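Results of the structural survey
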Amino acid sequence: MIKITIDGIEVQTDREITILEAAKQVGIEIPTLCTFKNLSPSGSCRMCLVEIERLSRPQTACTVKITDGMVVRTNSEAIMRARKAVLEFLLINHPLDCPVCDKAGECILQDLSAKYGAAAGRFKEGKRTNPVSFEDPVIVRDMQRCILCTRCVRTCDDLQGAFAISVINRGSHSLIEPFSGGRFDCEYCGNCLSACPVGAITSKLHRHTYRPWYIERQVETICGHCGVGCTLTLQMRENTIIRVIPDFEKGLNSGMLCVMGRFGYDYTEHEERLRSPLIRKDGELVPVSWEEAVEFTAWRLKELVKKYGGGAVAGIASGRCTNEDNYMLQKLIRYVLGSNNIDSAARLFYRPAVSYLERMFGQGITANLIPGIANSDGVFVAGGDPTTINPVLGIAVRSVWKKGGKVFVVGKSGGLRSNIKHELNHAEGAGALVLTWILAKVYEKKNFISENSIIDKKLSALKVPDMDMLVRVGVSPEALQYTADELVRLKNPVVIIGPETVLYGNGSKNLFLLGALNYVLNGRLFVLMDEPNTQGCLDMGCSPGVLVGGRPVELETFGHKMENTAGMKTPEGTGLNLFEMINGANSGSIKAMFVMGENPVFNIPDKKKVESALQKLEFLAVSDIFLTETASLADVVFPASAWSEKDGTYTNLERRLQRLRKGTMSSRGRADWKILADICKALGMKESYTDVKSVWDEISRISSVHSGVRYESLIGRGGIWPYGGEPLRGIEGDFEVEGLEDMPELPGFAQSGRVILKEDKSLIHSSSLSRYSPALMGVASEPLLMINPVTAQSLGLSDNERVVITSDKGTAVAILRADRGMPEGVAALSNTFKDNGFRSIVGYTIDPTLKSLNITDRVVTIERAKQL
Amino acid sequence: MDERIILRNTDDPLNASIAGYMAHGGYKALEQAVGELTPRDIIDEIKSSGLRGRGGAGFPTGMKWQFASLDPKFPKYLVCNADEGEPGTFKDRPILEHNPHLLIEGMIISAYALQSTRGYIYLRGEYPHAKRVLERAIEEALASGYLGNDILSKHFRFNLTVHSGAGAYICGEETALLDSLEGRRGLPRLKPPFPVNSGLWGKPTIVNNVETFANIPYIVSQGAKAYASIGVKDCPGPKLFSVSGRVNKPGVYELPMGISLREIIYTHCGGIKGGGSLKGVIPGGISTPIIAPENIDCPMDFVHLPKYGSMLGSGAVMVFDDTVCIVRVYERAMKFFEHESCGKCTPCREGTAWMRAILGRIERGDASERDLETLQDVAENVTGKTFCPLGDGAAGVLLAAMKTYREEFEYHIKNKRCKVQ
Ligand SMILES: Cc1cc2nc3c(=O)[nH]c(=O)nc-3n(C[C@H](O)[C@H](O)[C@H](O)COP(=O)(O)O)c2cc1C
Ligand code: SF4
Ligand code: SF4
Ligand code: SF4
Ligand code: SF4
Ligand code: FES
């Protein structure tokens, strides 16, 4: 027990805390400037000086740890003078332009000056001038106002791990500058903005429109851009979002956000938001009333079911919609229309990956906590860049490195480039080869004795490639050896699986290898999830063979349960998956479809095929917030409310249930669940729902995993898996690995002049939604083709050139960007920009084992675009 | 026979080569250390010798080594601070240029005592000649088996690299030096942890001054007792003084610790140039408070100078006679501090610039009584409140000068010109 006295008050603790923390415990406030949450103390501003008995000089309370018997004074005359002096020093060169500063009202310098007062202006020497720059699309830098607390730099280095800004110059000429000069050209997480105590780094989005007292209302909600599910606060005035800030006290993100979460909120107010329900009349979509749209939809669906049977109807759900929305869609499709044909874009990667791993190890195997990654001593990543797909999870991986842990990335290291020791980047298509070698080595070195005979048998059946083969696909023996050696040593490893493990073939084998690696290492698994609620969409039964809570359709008992509450029966037999639905529409077996918050025309490869399939439907209804490529083909379009306009729940990639809260209501859209409930009602459903909570109540009654979870209780840490209900036990039994015993093939290289195309995930954009965000478009406005510089050169192309990419399936135009992280002969394009999306110009087949997307037709030619 | 220890044989141009150095008995101490002594023995010997660091703070070297040696972490790093940036200081230079093997031998013995395998010499950027000399000497030592992976066939490994600084004074401060060595912007680090526990790349690290290392071979070969008999109790040994300013024979002098300032000036340096009268002496570099003429009998060592309100610092003696304007001296000094302030902490960053501006106006005859008050107040607001000793020293030396030479400052204000001239 340590006992100290601060200003005559006794403080007792059993931990070695700083004087600052000890003072806080007894309510003594010591002013600080350079101290900030989550940052280690810097001791540089000298604002927090205190007197310690027997020490001749004042000491900084933020850095000095207490020791037993210490006597501290925080309010002596000398200390008051020292505080005043620090403020005076900070103000002599400060522009004192508070009336035009966005920080006014929440500026620490302003507050402290008011409190401790600075000496009257006795500085006669002329203020220095420092740069003020507006060139950046989202960040305004005013170095006149900077107090050099370095909170921004330390945030960028120590928390974000981006190392994008630094103090330049020395002494009184010091200032903060991005390494790239005027523009930040960084990860644009804006976390430096939350760290800046004054108005030196501010958001351009609310420049001159923000003052703390302008805020009329604020709500705590969950970010709608990716599957991490960061907690953030929407600050609003007159129904528009003025600013998004993180909440340092709540949420799994402890105050961190990424560019999408912080700046990408403005799509909700885009002028192209749908404003009214639309019905196609004489080939044109025309505005109609809500009643008409609902009645019309109900009537058409009823007719078509009557004519063709429930099996002719299909629904596509969405990982961007809430659990309640998805639940209601599956209720419509299954229990009102009598069809199990319900699926979502989760089919493309996330669902097959997670369900395969769950088949290996049981339900919830990927339900691990993101903040826990930071406690790991090593992270193994394959199949995608966590720093761009799930940025805040990505920075947790960086923090492992920061603490001395190891990071391994199979494939392009991307945002983890500074955190790895060796590249394990391989030729396109050689992932399984590399993974097999690593797994085999680790298995051998660990002397692992498995308790799972099925996995054990499969492990021994693996054919291990020799080093020669690996060298031929571009991986160095040194890197492989290092990886195997270090992996074996890990005590608390994490394995992260991204979409590329499945999207380009070898899906079941890759997943088996990674699952088995995690098993042998005794690690924790994470599967990257690009949309905020893909997991929830699955949990809500938006999958042809699985019902709410994850029960297989075949389970009779569940059917009874459903009948009891909803008065309707679960249809028999497994329904069609996403691809089968498209085929069905093409062949004529599917006649009607309801698409909620999804854009299959843009998001499923082979645009022409998908488009023509949807055109053949007798009836297509779409609910969305924009008139997407898919919505523009519909017979009825419902304007939905956007993320910021909704209440409900999301389930993130950790399976944490979190509550979304309604902020603005700028559109006339309605929540999807409400639209769907109205349609159900018009079709004879008995239940009525007063609000989203009543929908949740029904879910928690029906789903065994969610049973008993109360809507109101989903606050703070959210609902962490398992929710108190019962997770399903692992399905004991064998599972299939395609090509288990085959030696992985050396990939065939594209012939010269041709390049293999893959999908890029930009940090700035969340698939295609973010193209409606002016802020994010300001940062990244054009499609980019990332390509290996040697390959670009061999094609006679150079950086920043506009190029045309042509495949068997279509063409796209993009700006060429040389990227040394790309293997030779490979280029990447994102699926973000209208008319130039990656998926529109590739084809697909279906993985026979996983029933997932297998992208094909990736060989492309790249040529300089003709001058416009 | 050369009686000196540190500058021994530096008049012999061949001494910088390993052959010349060995001809004078060089590397015997190393052979003795590695052959006969355990690392512990050496640390104990250094401790009982009473050697204090020559970089400025005078910290007991043996104690520092013991702290590092007790830390269980490995590798341990050994760093020689050869940044020599303190204005007026040029005492490490003759060692670096004319006695490089003495430094290297001292470092190898330290490495052996600390079980360090990697050493760096952080060299002042403006010493390109010393760089060439050192690099050649390191190569020679490697070739002779005194450095490398199997020193003296004793399975003892130690390698040494010279790293040139980029000219920032603050990089002479040991933790800023380590930042700079790691390839970052050199800024003083928070202490604790101290370098002995968490230094270069977070590993236990010893940082010692060039002159400190140069004392090691003597202590090892002649014993702590012999060493302790030189100089004064609590601060023994030989000391290099770099004397500049208004004396007849400026230069680097090796004299025993505790010698008086008067002896240095009048006995060794030939007295005041041009026969003028002494106005004041800065005893240990610009960061140490000035000493008035009436105090020049003070013994020059780490123990006694504080009693005269000053410090030994780097032992850079700067002598001013009555042709020198004290206001000018401190305006110039403050320019240096302003320029060299790293900018990390508020009082030093803002205060040095402000003080320099006011001093400039006083010097130019463009200031009032109020300005003198403000200057005093600003300096008081800086002293004792900065992150590292640089800012503290900047304000401290000004306050001392303003106290002793107040009428000179006042003269500037009243008469709008300098008293001297
Ligand atoms: C601003 C500043 C500059 C310094 N410059 C030097 C220098 O140039 N050379 C040096 O040896 N020590 C310098 N020091 C002292 C070092 O921080 C450190 O105390 C010394 O290298 C320790 O070595 P020693 O124990 O052998 O003296 C400086 C200290 C400060 C605060
Ligand atoms: S926005 Fe993020 S990446 Fe960019 S400088 Fe700020 S903290 Fe660093
Ligand atoms: S920009 Fe802001 S956070 Fe960064 S150093 Fe300046 S005042 Fe501190
Ligand atoms: S990491 Fe994902 S959830 Fe978090 S702010 Fe970024 S996009 Fe939003
Ligand atoms: S006193 Fe402060 S600003 Fe000055 S050099 Fe030291 S740390 Fe830097
Ligand atoms: S808050 Fe303690 S020094 Fe800045």
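Residues numbered from 1 in each chain as written. Chains lettered and ligands numbered in written order. Predicted model: local features only at pLDDT ≥ 70, side-chain atom pairs only at ≥ 80, totals over all residues.

**Examining the overall build of chain B**
Of the regular secondary structure elements, chain B holds 15 helices and 11 strands. Whereas a compact globule of 421 residues would reach a radius of gyration of roughly 22 Å, chain B reaches 22 Å, a difference of no more than 12%. Seen through its principal axes, chain B has C-alpha atoms that stretch 75 × 45 × 35 Å. Looking at chain B as a whole, 56% of its 421 residues are labelled buried. For chain B, the share of sequence-separated contacts (at least 6 apart) that also reach a separation of at least 24 residues comes to 69%. (Helix = DSSP H or I, 4+ residues; strand = E, 2+ residues; numbered from the N terminus. Rg over C-alpha atoms; globule rule 2.2 N^0.38 Å. Buried ≥ 20, exposed ≤ 12 C-beta atoms within 10 Å, placed from the backbone. Contact = placed C-beta atoms within 7 Å.)

**Comments concerning the overall build of chain A**
A tally of helices and strands in chain A yields 26 helices and 34 strands. Taking 2.2 N^0.38 as the reference for a compact globule, 868 residues should give roughly 29 Å; the C-alpha atoms of chain A span a radius of gyration of 29 Å, in line with that estimate. Based on the C-alpha atoms only, the size of chain A along its principal axes is roughly 90 × 65 × 65 Å. Residues classed as buried in chain A amount to 57% of the 868 residues present. Here the analysis covers contacts within chain A between residues at least 6 apart in sequence; of these, 72% occur between residues at least 24 apart.

**Points about the site of ligand 3**
With respect to spatial proximity, 14 residues lie near ligand 3, and among them A:Cys146, A:Cys149, A:Cys152, A:Cys196 and A:Ala200 are the closest. Considered class by class, the residues forming the shell around ligand 3 number 12 nonpolar, one polar and one charged. (Near = placed C-beta within 6 Å. Nonpolar A, V, L, I, M, F, W, Y, C, P; charged D, E, K, R; others polar.)

**As for helix H2 (residues 28-36) of chain B**
Residues and elements named next belong to chain B. Among all positions of H2, only Ala-29, Leu-30 and Ala-33 are buried. Seen from one end, H2 has its buried residues packed into an arc of 100°, which puts them on one side. For H2, the exposed residues set more than 90 degrees away from the buried face come down to Gly-35 and Glu-36. The inward-facing, buried residues of H2 abut helix H3 (39-49), helix H6 (100-114) and helix H9 (210-228). (Arc of directions from axis to C-beta.)

**Brief notes about the site of ligand 1**
Residue and element names in this part refer to chain B. Ligand 1 sits among 23 residues. The nearest are Gly-53, Gly-55, Gly-172, Asn-209 and Thr-212. Those elements that provide at least two residues to the shell around ligand 1 are strand E5 (205-209) and helix H14 (389-404). With three residues, the single largest contributor to the shell around ligand 1 is E5. Each residue belonging to the shell around ligand 1 can be placed in one class, and the counts come to seven nonpolar, 10 polar and six charged. Both of domain 1 (13-229) and domain 3 (326-415) provide at least three residues apiece to the shell around ligand 1. (Domains from an automatic or database assignment.)

**Digging into the domain arrangement of chain A**
Residues and elements named next belong to chain A. When cut into domains, chain A gives domain 1 (2-75), domain 2 (98-114 + 122-269), domain 3 (282-346 + 533-544 + 577-713), domain 4 (350-527) and domain 5 (755-864). Taken residue by residue, the interface counts seven residues in domain 3 and 10 residues in domain 4. In the side of domain 3 that touches domain 4, the residues fall into three nonpolar, two polar and two charged.

**Brief notes about the nonpolar core**
In a soluble, globular protein the nonpolar side chains are often hidden away together inside. Counting residues in each nonpolar core, the largest one holds 406 residues, and the members touching the most others are A:Leu517 and A:Ala827. Here this core takes 10 residues from H6(B), the largest share from any one element. Excluding residues within four positions of it along the chain, A:Ala827 makes contact with A:Val755, A:Leu757, A:Leu785, A:Met786, A:Ile787, A:Met822 and A:Ile862. Grouped together as the second largest cluster of nonpolar side chains are five residues, A:Ala367, A:Val705, A:Trp721 and A:Tyr723 included. (Core = buried A, V, L, I, M, F, W, Y, C linked by C-beta atoms within 7 Å.)

**With respect to helix H22 (residues 607-616) of chain A**
Two residues of an α-helix separated by three or four positions point the same way, owing to the 3.6 residues in each turn. Residues and elements named next belong to chain A. All buried positions along H22 are accounted for by Lys-607, Val-610, Ala-613 and Leu-614. The buried residues of H22 occupy an angular sector of 135° when projected down its axis, which confines them to one face. Along H22, exposed side chains directed more than 90 degrees from the buried face belong to Lys-608 and Gln-615. Elements that come into contact with the buried residues of H22 comprise helix H20 (578-587), helix H21 (600-603) and strand E23 (619-624).

**Here we look at the pairing of strand E12 (residues 231-237) of chain A**
Residues and elements named next belong to chain A. In terms of burial, E12 is largely enclosed, as five of its seven residues are buried. In terms of strand pairing, strand E11 (residues 217-222) meets E12 through six bridges, oriented antiparallel. Counted as the bridge partner of Val-219 is Leu-234 from E12. With six bridges joining them, E12 and strand E13 (residues 240-246) adopt antiparallel strand pairing. Within E13, the residue paired with Leu-232 across the bridge is Pro-246. Hairpin geometry of E12 and E13 is characterised by an intervening segment of two residues between the two adjacent antiparallel strands and by a positive phi of about 45° at Glu-238. (Pairing = 2+ DSSP bridges.)

**Digging into the sheet that holds strand E5 (residues 71-73) of chain A**
All names here are of chain A. Across the sheet, which stays open at both edges, the five strands sit in the order E2-E1-E5-E3-E4 with mixed pairing between neighbours. Each edge of the open sheet carries a strand with a single partner, namely strand E2 (9-13) and strand E4 (59-60). With two bridges connecting them, strand E1 (residues 2-6) and E5 associate as parallel partners. Note on E5: the bridge partner recorded for Ile-6 is Val-72. Across the sheet, helix H2 (residues 77-91) lies against strand E3 (49-52) and E5, angled at about 160° from E3, the strand it touches most. (Axes fitted to C-alpha atoms, helices over the stretch in contact; angles between N-to-C directions.)

**Overview of the domain arrangement of chain B**
Residue and element names in this part refer to chain B. Domain boundaries assigned for chain B yield domain 1 (13-229), domain 2 (235-321) and domain 3 (326-415). Averaged C-alpha coordinates put domain 2 and domain 3 at centres separated by 23 Å. Listed per partner, the contact involves eight residues of domain 2 and nine residues of domain 3. For the side of domain 2 that touches domain 3, the per-class residue count stands at five nonpolar, three polar and no charged.

**Section: the interface of chain A and chain B**
On the side of chain B, 23 residues touch chain A, which itself brings 23 residues to the contact. In terms of residue count, the dominant contributor to the side of chain A that touches chain B is H2(A) (five residues). Across the side of chain A that touches chain B, the residue classes break down as 12 nonpolar, six polar and five charged.

**Describing the environment of A:Tyr210**
Residues and elements named next belong to chain A. On the secondary structure map, Tyr-210 appears in the loop between strand E10 (201-203) and E11. According to the C-beta neighbour criterion, Tyr-210 is buried, with 21 such atoms within 10 Å. The spacing of Tyr-210 and Cys-149 is 61 residues in sequence and 23 Å in space, taken between C-alpha atoms. Excluding anything up to four places from it in sequence, Tyr-210 contacts Asp-102, Ile-242 and Arg-243.

**Some details on the packing of H3(B) against H9(B)**
Helix-helix packing is characterised by the crossing angle of the two axes and by the distance between the axes. All names here are of chain B. Direction vectors running N to C along H3 and H9 enclose 30°, while the axes themselves pass 8 Å from each other. By the angle between their directions, the pair H3 and H9 is classed as roughly parallel. Considering how the two elements wind past one another, H3 and H9 form a crossing that is left-handed. Residues Ile-42, Glu-45, Ile-46, Ser-48 and Ser-49 of H3 form the contact with H9, whose participating residues are Ile-219, Val-220, Ala-224, Tyr-227 and Ala-228. (Parallel < 35°, antiparallel > 145°, perpendicular 65-115°, else oblique. Left-handed = near helix turned anticlockwise from the far one by under 90°.)

**Digging into unusual backbone geometry**
Geometrically, the link from A:Trp721 to A:Pro722 is a cis peptide bond, its omega value of -10° lying close to zero. Here A:Pro722 is to be found in the loop between helix H24 (692-702) and strand E27 (755-760). Along the chain, B:Pro192 connects to B:Pro193 via a cis peptide bond; the corresponding omega equals 0°. Within the element layout of this structure, B:Pro193 appears in the loop between helix H8 (174-181) and E5.

**As for the environment of A:Arg489**
All names here are of chain A. Residue placement: Arg-489 occurs in helix H15 (residues 477-489). By the C-beta count within 10 Å, which is 11 here, Arg-489 ends up exposed. Taking the C-alpha atoms as reference points, Arg-489 and Arg-217, 272 residues apart in sequence, are found 51 Å from one another.

**Notes on the pairing of strand E18 (residues 378-382) of chain A**
Residues and elements named next belong to chain A. In terms of burial, E18 is a largely internal element, five of the five residues being buried. Alternating positions in E18 separate into two faces, Gly-378, Phe-380 and Ala-382 on one and Val-379 and Val-381 on the other, with burial throughout. As judged from the five bridges shared by E18 and strand E20 (residues 493-497), these two strands associate in the parallel manner. Paired with Gly-378 across the two strands is Pro-493, which belongs to E20.

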